[in-house]
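Chain by chain, the residues:
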Amino acid sequence: MSQPIQFIMLGGFLGAGKTTLISKLAKRFQADGKHVGVVTNDQAAGLVDTHLLQSQGLDVNEVAGSCFCCNYNGLTGAMSEFETRHRPDVILVEPVGSCTDLIATIAVPMMQQLGEQFTHSPYAVLLKPSHGLRILSGKGGGFSAKAEYIFRKQLEESELVVINRIDELSATEVKTLQEAIEEQYPGRRTICVSAHTEANLDELYAALQTTAQFPAKMMEVDYDIYADGEAELGWLNAGGTLASDTPISQDALTVALVDRLRTVLLAVDAEPAHIKVLVSSGSNVSVANLVSSDSQTMLSVASDQQVTQAEVIVNARVCLSPGQLKGVVTDALDRTATDFAARISVDQMEAFRPGRPVPTHRATST
């Protein structure tokens, strides 16, 4: 009989840094001789994370069009598909950042239905500091109480809390977050990491080698509040092609587009949960992110290339209506192209609010 596949699910709010951490963990497993599969998830096709991880040489399947909990068979099918190419030793799973209740809708149904095919690592939830510092202090994160409900429920169901982006925090801010987790969500192990610098990645890697316990009871979730909280976010995925008669900096273009979006959203007081832009030319990839209204644009992946043609992908999750968000992104694409004396052709743009989550399965407490 084949050895069971290690199943690792890394949750956390939009912009928590899940994709970067998954990339670093995947490389750590590969260094140990493991074959790794990654499954990404989004409410629509055209996910920056999928393209980025594939550009890094990882074996990636994407489940698009609904969250894992509402498309359990899509997730299990994506994991089975890996075996048609190369059976993985480890599967890293990145759920949608606005989802919660994943123990009851994913982990436990897998344990019950797929038995010994998988071993489950403790469910790790990445804490996003920029919103976490505000929400856990009671100051509010720029979202309504219903959207914050999702943020808090993610922490509540965690077995392991990972405070990410510590390279961006002071020692006092790290301590504040640790104390808030200990006080508000007692009993959970907390690990402070930087996916960017790999600080304390060894400690997290070791923690994920342990085995999750079957939960004694399921977390209670008010699906009316959950659905309303998700629906407050406008969701946009767009893709297009940019062309210029003279070479332009791929990195500068990527940052400029996110900076323009940041400026407009500040002006209309629309809180971004996460904005991610990927610009690619062949195998050269640039990625820039914005994770909150009080953070700066970050160039998370640099290409150091001059290009005359590039593909552009925009993923934006903002507390704004889909129609307004579509207008903001369309204008930003046009104006940024003009600033670089370039032309932009948008091939695909989808803007919407997530629908009410209706899980395929939901385990109940015994």
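In case you missed it, the structure is sitting above this.
A quick note: this is a predicted structure, and the numbers were derived from the prediction, not measured.

1. With respect to the overall build of the protein
Move 1: Regarding its fold elements, the protein presents eleven helices and 14 strands.
Move 2: Computed over the C-alpha atoms, the radius of gyration of the protein is 20 Å, within 12% of the 21 Å expected from 2.2 N^0.38 for a compact globule of 366 residues.
Move 3: Taken over 366 residues, the protein has a buried fraction of 57%.
Move 4: Across the protein, contacts joining residues at least 24 apart in sequence account for 78% of those joining residues at least 6 apart.
Move 5: The protein carries 28 positive and 43 negative side-chain charges, and their two centres are separated by 2 Å.

2. Things to note about the environment of Lys-34
Move 1: Relative to the assigned elements, Lys-34 resides in the loop between α1 (18–31) and β2 (36–42).
Move 2: Note on Lys-34: relative accessible area 40%, which makes it partly exposed.
Move 3: The spacing of Lys-34 and Val-90 is 56 residues in sequence and 7.0 Å in space, taken between C-alpha atoms.
Move 4: Ignoring anything within four residues of it in the chain, the contact list for Lys-34 reads Phe-29, Asp-89 and Val-90.

3. Focus: the nonpolar core
Move 1: Residues Val-39, Ile-106, Leu-127 and Leu-155 are the most contacted members of the largest nonpolar core, which totals 59 residues.
Move 2: Each residue touching Leu-155, except ones within four places of it in the same chain, is listed here: Val-125, Leu-127, Leu-136, Val-161, Ile-181, Tyr-185 and Arg-188.
Move 3: Judged by nonpolar contacts, the second largest core, of 30 residues, contains Ile-248, Leu-261, Leu-265 and Leu-325.

4. A word on the pattern of salt bridges
Move 1: Overall, the coordinates contain 19 salt bridges when judged by the stated rule.
Move 2: The salt bridge partner of Lys-24 is Glu-198, with a shortest N-O separation of 3.7 Å. With Lys-24 in helix α1 and Glu-198 in the loop between β8 (189–192) and α8 (201–207), the pair connects residues that are 174 residues apart, well separated along the chain.
Move 3: A residue is classified by how much of its surface remains accessible, and Lys-24, at 18% relative accessible area, is buried.
Move 4: It is possible to trace a salt-bridge network through shared partners that takes in Lys-24, Arg-28, Glu-198 and Asp-202.

5. Some remarks on the pairing of β2
Move 1: Taken across its seven residues, β2 has seven buried, putting it largely inside the fold.
Move 2: The two faces of β2 match: Val-36, Val-38, Thr-40 and Asp-42 on one face and Gly-37, Val-39 and Asn-41 on the other face are all buried.
Move 3: Across five bridges, β2 lies against strand β4 (residues 90–94) in parallel orientation. Bridged to Val-36 within β4 is Val-90.
Move 4: Direction of pairing for β2 relative to strand β3 (residues 59–64): parallel, over a ladder of six bridges. Residue pairing in the sheet places Val-39 in a bridge with Asn-61 of β3.
Move 5: Between β2 and its parallel partner β3, the chain crosses via helix α2 (residues 48–55), and the hand of that crossover is right-handed.

6. Comments concerning the sheet that holds strand β10 (residues 272–281)
Move 1: A sheet is described by the order of its strands in space; here six strands give the open sequence β12-β11-β10-β13-β9-β14, paired in antiparallel fashion. With one partner strand each, in any of the chains shown, β12 (298–301) and β14 (342–352) form the two edges of the open sheet. With direction set aside, neighbouring strand axes in the sheet form an average angle of 20°.
Move 2: Relative to β12, strand β11 (residues 284–290) runs antiparallel, the two sharing three bridges. Within the sheet, the bridge partner assigned to Val-287 lies in β12 and is Val-301.

7. Regarding the environment of Asp-269
Move 1: Among the secondary structure elements, Asp-269 is positioned in the loop between α10 (250–267) and β10.
Move 2: A C-alpha to C-alpha distance of 20 Å links Asp-269 and Phe-151, two positions 118 residues apart in sequence.

8. Regarding the packing of helix α6 (residues 145–156) against helix α9 (residues 223–231)
Move 1: Two elements in contact, α6 and α9, have axes separated by 7 Å at closest approach and are oriented at 110°. By the angle between their axes, α6 is roughly perpendicular relative to α9. Every residue of α9 that contacts α6 at Lys-146, Ala-147, Tyr-149 and Ile-150 is listed here: Ile-225, Tyr-226, Asp-228, Gly-229 and Glu-230.
Move 2: Counted by class, the contact of α6 with α9 contains five nonpolar, one polar and three charged residues.

What counts, and at which threshold
- Residues numbered from 1 in each chain as written.
- Predicted model: local features only at pLDDT ≥ 70, side-chain atom pairs only at ≥ 80, totals over all residues.
- Heavy atoms only, no water.
- Helix = DSSP H or I, 4+ residues; strand = E, 2+ residues; numbered from the N terminus.
- Rg over C-alpha atoms; globule rule 2.2 N^0.38 Å.
- Buried < 20%, exposed > 50% of the residue type's maximum accessible area, 1.4 Å probe, protein only.
- Contact = heavy atoms within 4.5 Å.
- Lys, Arg positive; Asp, Glu negative; His and termini not counted.
- Charge placed at Lys NZ, Arg CZ, Asp CG, Glu CD.
- Core = buried A, V, L, I, M, F, W, Y, C linked by side-chain atoms within 4.5 Å.
- Salt bridge = Lys/Arg side-chain N within 4 Å of Asp/Glu carboxyl O.
- Pairing = 2+ DSSP bridges.
- Right-handed = clockwise from strand over helix to strand, strands pointing away.
- Axes fitted to C-alpha atoms, helices over the stretch in contact; angles between N-to-C directions.
- Parallel < 35°, antiparallel > 145°, perpendicular 65-115°, else oblique.
- Nonpolar A, V, L, I, M, F, W, Y, C, P; charged D, E, K, R; others polar.

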